[in-house]
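Each chain, written out:
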Amino acid sequence: MAVTRTFSIIKPDATRRNLTGAVTQMLEESGLRVVASKRIRMSREQAEGFYAVHKERPFYGELCDFMTSGPVVVQVLEGEDAVRRNRDIMGATNPADAAEGTIRKSFAESIEANSVHGSDSDENAANEIAFFFAKDEIVG
Ligand code: IDP
Ligand code: MG
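The following refers to the structure shown. (Residues numbered from 1 in each chain as written. Chains lettered and ligands numbered in written order. Predicted model: local features only at pLDDT ≥ 70, side-chain atom pairs only at ≥ 80, totals over all residues. Heavy atoms only, no water.)

Right, let's talk about the environment of Phe 132 for a bit. Examined against the element boundaries, Phe 132 turns out to sit in helix α7 (residues 122-132). Judged by its relative accessible area of 7%, Phe 132 is buried. Taking C-alpha positions, Phe 132 is 16 Å from Val 116, a pair spaced 16 residues apart along the chain. Phe 132 has contacts with Phe 7, Lys 38, Ile 40, Met 42, Gln 46, Phe 50, Val 74 and Glu 137, leaving out every residue within four places of it along the chain. (Helix = DSSP H or I, 4+ residues; strand = E, 2+ residues; numbered from the N terminus. Buried < 20%, exposed > 50% of the residue type's maximum accessible area, 1.4 Å probe, protein only. Contact = heavy atoms within 4.5 Å.)

Structural data, given as structure tokens:
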């Protein structure tokens, strides 16, 4: 299995409850390595651009409100089959459907405030990493 990279966000509901370390520990214990990390306050423009694929969905405006409501931690994660590995430890979008032992089952407050983002394909991972990180900020 190839070592690949994915993009993660620890969302405002998790930073507000001081869960940055707890979430990162679960990512690391799943076999992922944090090769870039920064705490930022996302601008409206960044949130709208990042979630542009969801522009037509009814929750788009609220999602952008939520993602700009507090600090987030954006990260690049590296590991074998990183996209799938991260999606597995994240759990289902709706915490009510998330499996035991996943980040969303453990910490998410709602389908919107669900503690983490993770890329859903290698192609999107590359685009999302480039959206937030310069090459020299990633140290594998
Ligand atoms: P994902 O984060 O599991 O990949 P997506 O369908 O890509 O899920 O949705 C992006 C984000 O939009 C979710 O993580 C969640 O924060 C929010 N979201 C998804 N579905 C809903 C909804 O039905 N109501 C409110 N927010 C939603
Ligand atoms: Mg998604």
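Turning next to the site of ligand 1. Around ligand 1, the surrounding shell consists of Lys 11, His 54, Arg 57, Phe 59, Leu 63, Arg 87, Thr 93, Arg 104, Ile 111, Glu 112 and Asn 114. For ligand 1, an oxygen atom lies 2.9 Å from a polar atom in the side chain of Lys 11. A distance of 2.9 Å separates an oxygen atom of ligand 1 from a polar side-chain atom of Arg 87. Summarising the interface, the protein chains cover 80% of the accessible area of ligand 1, which totals 530 Å² for the free molecule. (Near = heavy atom within 4 Å. Polar contact = N/O pair within 3.5 Å; in protein donor to acceptor, adjacent residues only side chain to side chain. Areas by Shrake-Rupley, 256 points an atom, 1.4 Å probe, with all protein chains shown as cover.)

Here we come to α7. Residues lying three or four places apart along an α-helix face the same way, a consequence of the helix completing one turn every 3.6 residues. Those residues of α7 that fall on the buried side of the exposure criterion are Ala 125, Glu 128, Ile 129 and Phe 132. The buried side chains of α7 occupy one side of the element, clustering within an arc of 100° when seen end-on. Exposed residues on α7 whose side chains face more than 90 degrees from its buried face are Glu 123 and Ala 130. Where α7 is buried, its residues touch β1 (3-10), β2 (33-40), α3 (44-50), β3 (72-80), α5 (82-90) and β4 (116-118). (Arc of directions from axis to C-beta.)

Here we take up the nonpolar core. Formed by 22 residues in total, the largest nonpolar core has its most connected members in Phe 7, Ile 9, Met 42, Met 67, Val 74, Phe 132 and Phe 133. Listing elements by their share of this core, those giving two or more residues are β1, β2, α3, α4 (60-67), β3 and α7. Per-element tally for this core: the top contributor is α4, with five residues. When neighbours within four sequence positions are excluded, Phe 7 is seen to be in contact with Phe 50, Val 74, Gln 75, Asn 86, His 117, Gly 118, Ser 119, Ala 125, Glu 128, Ile 129, Phe 132 and Phe 133. (Core = buried A, V, L, I, M, F, W, Y, C linked by side-chain atoms within 4.5 Å.)

Bringing unusual backbone geometry into the picture now. Glycine aside, residues mostly have negative phi angles, and peptide bonds mostly take the trans form. Phi angles above zero are rare outside glycine, and Asp 81 is one such case at about 50°. Of note, Asp 81 is situated in the loop between β3 and α5. For Ser 115, which is not glycine, the phi dihedral falls at a positive 70°. Note on placement: Ser 115 falls in the loop between α6 (103-107) and β4. Residue Ser 115 is classed as buried on the basis of its relative accessible area of 0%.

Okay, the pairing of β3 next. Within a regular strand, side chains alternate between the sheet's two faces. Judged by how many residues are buried, β3 sits mostly within the fold: eight of nine residues are covered. The sheet contact formed by β1 and β3 spans eight bridges and is antiparallel. Counterpart to Phe 7 in the pairing with β3 is Val 76. In terms of strand pairing, β2 meets β3 through seven bridges, oriented antiparallel. In the sheet register, Arg 33 faces β3, and the bridge partner there is Glu 78. (Pairing = 2+ DSSP bridges.)

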